[in-house]
Structures are given as structure tokens and as C-alpha cells.
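# Coordinate analysis (summary)
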Amino acid sequence: MASRELEVCETIQYDPVPLSARHNDKDTTEPISSYLSNLEELLAWKPTNQDVFNIAVTPLAARVPPLESKRPRTLVCHDMMGGYLQDRYIQGSDAQDFYTFYHWQYIDIFVYFSHEMFTLPPVCWTNAAHKHGVSVLGTFITEWETGAKVCESFLAGKESTFHAVADRMVQVAQFYQFDGWLINIENLLSAAAVKNTPLFLRYLTEQLRKHVPGGLVVWYDSVLEDGKLKWQNELNGKNRVFFDSCNGIFTNYNWTEQNLEQMSSWVSDRRADVYVGVDVFARSDIVGGRFDTNKSLQLIRKYGFSAAVFAPGWVYECLDKKNFLQNQNKFWSLLEEYLPVHSICTLPFVTSFCIGRGNKRFSYGKEEGIESWYNLSAQELQPLFVDHTQEAGPGGWVRTQICPKDAWHGGSSLLVEGMIPSNVKDVTVRSVLLASPLMLVSV
């Protein structure tokens, strides 16, 4: 065959498009969940095709009783080492034994907290919480002198200015499919700004309700009606104007029983909307904290208030990480009697009890890989955890806990273990509450 000479007619060259730093990890280029660092970024926000990966795919599951019921609620505010750690990886990571939360049936609201101005919950948290009927809030925070300037720029002016900020916050929550905002203004407000703050809260709350089913706005106890920054550790006449303009208040942590008594004397129909703050790290002068957090909850429930448990990741950050599962179970089992549970209404009920991490991967009971992995979006429905000791007779016990050594699907399973006396014929362990219009079943 005769050789033929090739002729180049045109050279096509493509310049690489830099990856978005907000959407991709700078080291691995993997897609990540991130935040909006200032007011300008919020107002300029428009969803792109890269944002699609951050949309929660799990809708908020129905539950019994509904969140709006008048019984005391439990809010968990997750604050861990600045946030956006291994949980920022949308497709999961190879982290070994990283922090996870799985006591979902004991809580009602999950807040993802960081000190970034607009903290957007990583999508994996929203997927895991929604699966269990738990609402997820992002955080809007302003602090100190810089925060005062930000608040002045949008709260001290025209109504249209703070409406624009609220509208964009609603759009962000609606697009990413989380359920609302914790508003944490920790700076002085001018007379003009503080006058408009209740109007901003009311408008934000109304618009969320219109566009996000079950949308919530919770105010943090910090600024007073005169614009001064002074934490009250209670709901009172100095901060009630903000409470009256949204769905609830999250009090500061340095309360005493006297604060609870004072609130109890005049808060009636909205008692469940008062979330009394509990710092699990036990910083400053507080009731309880750490493994004594049950003392805080005991007092809070005595007066019929809701609780806001701040930074329960203490069990991971400050204790031996090798014993995380044991410490996590110990912490929540101490609180169990003060945590009203809710039931799941999703049928069919299917779960392998995987907590969204593992040192192996299993599929249909067979080991498929031995590498560590972490992805809360892969967490399956979790049970109620019990630790019951027989008080009379020869003494027996039974408990349920996570088993990381073996699994049917994912990286972990549910272990039911105990010592049952020979004269005991029947043992019942409540692990899952299911509800439908025709039944309420304990499994």
C-alpha cells in the first residue's frame, strides 16, 4: 500500500476551565458542599450545574407526632472544628471512623453551625436527617464590628433591601432542599437596624413557609430590642420581640433554674418554641454538660421547655476516638428518658441499620471491599437504642448497639446482645417505631 501524506488543516485547542473553588476540593478536585462567606456572595448567588450535586435527594419524611405538636422538642446544633470536614465530600470520603450521628428518632431539628456567614448544611446531613423526619437548618451569623457593618448595610435601610436578603435566603434553602435558618446576630445593632430586625424575621419566616414546606426560622438569644448585645439566657421582655417574629428562640447557655422559673410564669401557648441552650462542652458557668448533660435536660423538661443541645460532637472531639461508638451511646442513653421520640411513617420499612461509615463494604452479606469509607448520605434508617437491666430477680440485661465488624449492606449492622436468665421466657426489645393512619407499631 502506498504511503499517503497527512495534512493538518486546523488545530483545535481548548483552554482548561478552572474548577470552582466553592464546588470542588482544591487538593482532590472532588465535589464538595460549601458555604457563602458574605452578603455579596448571597445576593449574587445563582445556581449552576455544579450546584445540582448539593441538592438533597431525600425529602423530609412524615413523622408522628408532627413537629408542630406542643410537646417539648429537641434541637441538636452541630458545631465541630469549624465545620465542613469529611462531611463536605458529596460522594463520600475514605476517612476512617469519622464522626457520625445516628440517634435521629430522639431529636426533632438539626442545625449545621459554623462561623461562616451563611452556613449551608452539607447535603449528606440533610439526606440523613430527612430520612428520619428531622428538619435541617443552616445558620446565618454576624459577629462583632464586621457583623455590625453587615447588619447596618441591609437592616438599617429600606424594606426592599432586607426583603432582598430574605428572598435569597429562601431561594437557597428551597434549591438545596434544607428547611430553614438559625439567625445568630452577635453584634450591636443601630436603632434603625434593630427596628427592622423583627420585620426581617417575620418576612423571612412567612416566605419560608410559602416556599419550603415546614420551613423554620429560629432566633438566637443575643441582641436586645434596644440593639445592645447582651445574652439573656432566657426569653424575656427584652428579646421577646424577636421571638414573636419567628418560629422560636435558642437561648444562651448560662441559665439557672431561676431563669426557667421566670419564663415558666409567663410563657404558655408557645413553651415548646423556647429551646433552652445546653453547651455539651460545659464552657463557662452552666448546668450539666459533658456526661452530666442529663442534669440540664432534667431541669429543662421539668418546666416543659424544648432543649437545644449544642456541640454533642464533644464525645468525638475530646474523648478517645477509638471508643467513639461506646461514648456516643453512653451520652445519648443518659439523656434518653428526657427525649420524646417520634415514629417513622415511611413504608415499606427497609433498613440494614448502616450508620454511613465503615472499615469494610458489604453487599447482601458479602464483603466487597476492605477500605474505610464515610458517607452520611448512605446512612440507612436507624433504630431506637436501648440499654435495659432487669431490676428484680437473678438480674439480666439486654442492649442494642451498632456493630461495625459485620453487615448485611453498607458498613455496619445492629447488634442485640444481653444475658437472659433461664427462668425468663419472653424478652421484648423496642427498636423501631412505625406509624401509619391505621397503626402505631413498636418493632
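Residues numbered from 1 in each chain as written. Predicted model: local features only at pLDDT ≥ 70, side-chain atom pairs only at ≥ 80, totals over all residues. Heavy atoms only, no water.

### Observations concerning the overall build of the protein
Secondary structure summary: the protein contains 10 helices and 20 strands in total. In terms of C-alpha radius of gyration, the protein reaches 24 Å, essentially the compact-globule figure of 22 Å for 443 residues. Seen through its C-alpha atoms, the protein measures out along the principal axes to roughly 95 × 75 × 45 Å. Within the protein, counting contacts between residues at least 6 apart in sequence, those at least 24 apart form 73% of the total. Total accessible area computed for the protein in this model is approximately 21100 Å², and 53% of it derives from carbon and sulfur atoms. A distance of 5 Å separates the average location of the 39 positive side-chain charges in the protein from that of its 50 negative side-chain charges. (Helix = DSSP H or I, 4+ residues; strand = E, 2+ residues; numbered from the N terminus. Rg over C-alpha atoms; globule rule 2.2 N^0.38 Å. Contact = heavy atoms within 4.5 Å. Areas by Shrake-Rupley, 256 points an atom, 1.4 Å probe, with all protein chains shown as cover. Lys, Arg positive; Asp, Glu negative; His and termini not counted. Charge placed at Lys NZ, Arg CZ, Asp CG, Glu CD.)

### Concerning the pairing of strand β3 (residues 109-112)
Neither face of β3 is exposed, since Ile-109 and Val-111 on one face and Phe-110 and Tyr-112 on the opposite face are all buried. Pairing of strand β2 (residues 74-78) with β3 involves 4 bridges; the strand directions are parallel. Note that in β3 the partner of Leu-75 across the bridge is Ile-109. (Buried < 20%, exposed > 50% of the residue type's maximum accessible area, 1.4 Å probe, protein only. Pairing = 2+ DSSP bridges.)

### With respect to the environment of Phe-385
Positionally, Phe-385 belongs in the loop between β15 (373-374) and β16 (387-389). The residues touching Phe-385, leaving out its near neighbours within four places in the chain, are Tyr-102, His-103, Tyr-106, Glu-336, Thr-400, Gln-401, Ile-402 and Leu-414.

### Some words on unusual backbone geometry
Across the junction of Val-64 and Pro-65, the peptide omega takes the value -5°, indicating a cis bond. When you line up the elements, Pro-65 lands in the loop between β1 (63-64) and β2. Non-glycine residue Asp-97 carries a positive phi angle of around 55°. In this structure, Asp-97 sits in the loop between β2 and β3. The class for Asp-97 is partly exposed, based on a relative accessible area of 28%.

### Quick look at the packing of aromatic side chains
Tallying each qualifying case throughout the model produces 30 aromatic pairs. Relative to Trp-104, the ring of Phe-101 has its centre 4.8 Å away and its plane inclined at 85°; by these criteria the two rings are edge-to-face. The buried category is assigned to Phe-101, whose relative accessible area is 1%. Relative to Phe-324, the ring of Tyr-316 has its centre 5.6 Å away and its plane inclined at 85°; by these criteria the two rings are edge-to-face. Exposure remark for Phe-324: the relative accessible area of 1% places this residue in the buried category. Here the aromatic residues Phe-101, Trp-104, Phe-110, Trp-125, Phe-331 and Trp-332 are joined through ring pairs into a cluster of three or more. Positioned above the aromatic ring of Phe-305 is the side chain of Arg-271, whose terminal nitrogen or guanidinium carbon lies 5.4 Å from the ring centre. Looking at Lys-321, its charged tip hangs above the ring of Tyr-316, at a distance of 4.9 Å from the centre. (Phe/Tyr/Trp six-rings, centres within 6.5 Å; stacked < 30°, edge-to-face > 60°. Lys NZ or Arg CZ within 6 Å of the ring centre and 35° of its normal.)

### Side note on the confidence of the model for the protein
Within the protein, residue pLDDT values average 92, and 96% of them lie at 70 or more. Considering only residues more than four positions removed or in separate chains, one finds that residues 438-443, a stretch of pLDDT under 50, has 16 contacts. (pLDDT = per-residue confidence, 0-100.)

### Brief notes about the nonpolar core
Counting 114 residues, the largest nonpolar core has Trp-125, Met-169, Trp-181, Ile-183, Phe-200 and Phe-250 as its most contacted members. Sort the elements by how many residues they give to this core and helix α4 (residues 159-176) lands first, with 8 residues. In this structure Phe-250 touches Leu-75, Cys-77, Leu-182, Val-218, Trp-219, Tyr-220, Asp-221, Tyr-275, Gly-277, Ala-308 and Phe-310, once residues within four positions along its chain are discounted. Judged by nonpolar contacts, the second largest core, of 5 residues, contains Ile-344, Leu-381, Val-432 and Leu-434. (Core = buried A, V, L, I, M, F, W, Y, C linked by side-chain atoms within 4.5 Å.)

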